Amino acid sequence: MYERKIPIDFSCPLRLTMSLIDSKWKSCILDELRHKALRPSELHRALPEAAPRVLDMQLRELADDGLVQKTIYPELPPRSEYTITELGRSLLPIIDAMRMGRVAS
């Protein structure tokens, strides 16, 4: 897994936020999860331009950062799904502004 060479500056909210959603698909994943929990295959279908390996890696990073929660159901075959956490929801206004192309003044 990727290890950051430059430590995150926790004293700066902007740098901290950017470190959480810095990659190409993380904000798209959070946007897809805003209304309901989704299985990994559903996320792959919703974001077909993203390579499955990249999506899986970014889902794992989002879970490690506490922005999404992964639930694994004890079934055969095993089933898992992702939901957005309250911390992840706190980033939705930023994602909405990005989607609308608005810049705060």
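Look up a bit, the structure's there.
Residues numbered from 1 in each chain as written. Predicted model: local features only at pLDDT ≥ 70, side-chain atom pairs only at ≥ 80, totals over all residues. Heavy atoms only, no water.

Draft legend 1. Up close: helix α4 (residues 52-64). With 13 residues, α4 should reach 18 Å at 1.5 Å per residue; the first-to-last C-alpha distance of 18 Å fits that figure. For α4, every residue scored as buried is listed here: L55, Q58, L59, E61 and L62. Projected down its long axis, α4 shows its buried positions confined to an angular sector of 165 degrees, all on one face. Those residues of α4 that are exposed and angled more than 90 degrees off the buried face are R53 and D64. After α4 finishes, the residue G66 shows a positive phi value of roughly 85 degrees. (Helix = DSSP H or I, 4+ residues; strand = E, 2+ residues; numbered from the N terminus. Expected span 1.5 Å × (residues − 1). Buried < 20%, exposed > 50% of the residue type's maximum accessible area, 1.4 Å probe, protein only. Arc of directions from axis to C-beta.)

Draft legend 2. Looking closely at the environment of Q69. Examined against the element boundaries, Q69 turns out to sit in strand β1 (residues 68-73). By relative accessible area, Q69 is classed as partly exposed at 47%. With near-sequence residues (within four places) excluded, Q69 lies in contact with E81, Y82, T83 and T85. (Contact = heavy atoms within 4.5 Å.)

Draft legend 3. Molecular detail of the pattern of salt bridges. Overall, the coordinates contain five salt bridges when judged by the stated rule. Close ionic contact of K26 with E61 constitutes a salt bridge, the shortest N to O distance being 2.9 Å. Linking K26 in helix α2 (residues 26-32) with E61 in helix α4, this pair joins segments that are 35 residues apart in sequence. D31 serves as the salt-bridge partner of R34, at 2.9 Å between the closest nitrogen and oxygen. The exposure class of R34 is buried, given its relative accessible area of 16%. (Salt bridge = Lys/Arg side-chain N within 4 Å of Asp/Glu carboxyl O.)

Draft legend 4. View of unusual backbone geometry. Residue P77 is bonded to the preceding L76 through a cis peptide linkage, with omega at -5 degrees. Of note, P77 is situated in the loop between β1 and β2 (79-84).

Any link to function would need more than the numbers given here.
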